[in-house]
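Residue-level structural notes
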Amino acid sequence: MDIAALATWLITALGGFFMLGVWIRHGGVRRRRTGGSRLPAPVLFGHFVLAAAGLVVWIAYLAVDRAALAWTAFGLLVPVALLGFTMLARWLPVLRARTTDTGPDAQAPAERHFPVPVVIGHGLFAVATVLLVLLSALGTGGN
């Protein structure tokens, strides 16, 4: 289960890296300053940094098999998940507007360009990661 958690975490990270790249490429930071993005940069980058830190802690846990590290990784995932849900809630109106807006997207939020399957996959793998890390920290299923 420990390795499965690592695999889902890495897949989740790939989706997150992709969306971060899309957001930056479409001017997410610039548009945030001008009111064109619904995703606050501190929330987005906080989500990224905490998730990356948790992944490093999880890899350390796999290397030394100390329960405290598994619980630390899980503890880091809790705010990551909360920030992720916050961003999802702020992205959903952008998704709805994308389906009804036919005008030019010069002023559209950068997150308008997130592919829906990537967002869904990122969320599903994130939920799986949280569950697998929790189960591993509880000692369920063995190593």
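Please refer to the structure higher up on the page.
This report concerns the structure included in the present document. (Residues numbered from 1 in each chain as written. Predicted model: local features only at pLDDT ≥ 70, side-chain atom pairs only at ≥ 80, totals over all residues. Heavy atoms only, no water.)

Considering the overall build of the chain
The secondary structure content of the chain amounts to 5 helices and 0 strands. Order of helices (α) and strands (β) in the chain, N terminus to C terminus: α-α-α-α-α. Evaluated residue by residue, the chain yields a buried proportion of 35% over its 143 residues. In the chain, 76% of the contacts between residues at least 6 apart in sequence involve partners at least 24 apart. On the chain, roughly 7800 Å² of surface is accessible, and the fraction owed to carbon and sulfur atoms is 73%. (Helix = DSSP H or I, 4+ residues; strand = E, 2+ residues; numbered from the N terminus. Buried < 20%, exposed > 50% of the residue type's maximum accessible area, 1.4 Å probe, protein only. Contact = heavy atoms within 4.5 Å. Areas by Shrake-Rupley, 256 points an atom, 1.4 Å probe, with all protein chains shown as cover.)

Focus: helix α5 (residues 116-138)
In this model α5 runs 33 Å from its N-terminal to its C-terminal C-alpha over 23 residues, within 8% of the 33 Å that 1.5 Å per residue would give. Of all the residues in α5, the buried ones are Val119, His122, Thr129, Leu132, Val133, Ser136 and Ala137. Of the residues flanking the end of α5, it is Gly139, one or two places downstream, whose phi is positive at about 85°. (Expected span 1.5 Å × (residues − 1).)

Description of the environment of Leu135
Its place among the elements puts Leu135 in helix α5. In this structure, the C-alpha to C-alpha distance between Leu135 and Phe74, residues 61 residues apart in sequence, is 9.8 Å. Here Leu135 is in contact with Met1 and Thr140, once residues within four sequence places are set aside.

Topic: the side chain of His122
Along the chain, His122 falls in helix α5. Within polar-contact distance, the side chain of His122 engages the backbone oxygen of Thr12 at 2.9 Å. Beyond its immediate chain neighbours, meaning those up to four positions away, His122 contacts Thr12, Gly15, Gly16, Met19 and His47. (Polar contact = N/O pair within 3.5 Å; in protein donor to acceptor, adjacent residues only side chain to side chain.)

Some points on the packing of aromatic side chains
Inspection of the entire model under this criterion finds 5 aromatic pairs. On the basis of an interplanar angle of 65° and a centroid distance of 5.5 Å, the ring pair of Phe17 and Phe48 is categorised as edge-to-face. In this pair, Phe17 sits in helix α1 (residues 2-25) while Phe48 sits in helix α3 (residues 41-64), placing the two residues 31 residues apart along the sequence. Phe17 gets classed as partly exposed once you look at its relative accessible area, which sits at 47%. With 6.0 Å between their ring centres and 90° between their planes, Trp71 and Phe74 make a pair best called edge-to-face. Here the residue Trp71 and the residue Phe74 both occupy positions in helix α4 (residues 67-100), the gap between them amounting to 3 residues, near one helical turn. (Phe/Tyr/Trp six-rings, centres within 6.5 Å; stacked < 30°, edge-to-face > 60°.)

Concerning a nonpolar patch on the surface
Side chains of Leu14, Phe17, Ile24, Phe45, Phe48 and Val49 sit close together on the surface and give an oily, nonpolar patch of about 550 Å² of accessible area. Within the secondary structure, Val49 sits in helix α3. (Patch = residues over 30% accessible without salt bridge, like charges linked within 9 Å, V, L, I, M, F, W, Y side chains within 5 Å. Salt bridge = Lys/Arg side-chain N within 4 Å of Asp/Glu carboxyl O.)

Let's talk about the layout of surface pockets
For the largest pocket, the calculated volume is near 910 Å³. Residue lining of the largest pocket: 34 residues in total, with Met19, His47, Gly84, His122 and Ala126 positioned closest to the centre. At the level of elements, α1, α3, α4 and α5 are the ones that each hand at least two residues to the lining of the largest pocket. Ranked by residue count, the leading element in the lining of the largest pocket is α5, at 10 residues. A breakdown of the residues in the lining of the largest pocket according to their chemical character gives 27 nonpolar, 7 polar and no charged. (1 Å grid on protein atoms, 1.4 Å probe; cavity = no way out; pocket = protein on both sides within 12 Å on 5 of 7 lines; lining within 4 Å. Points joined across faces, edges and corners; volume = space filled by probe spheres on them. Nonpolar A, V, L, I, M, F, W, Y, C, P; charged D, E, K, R; others polar.)

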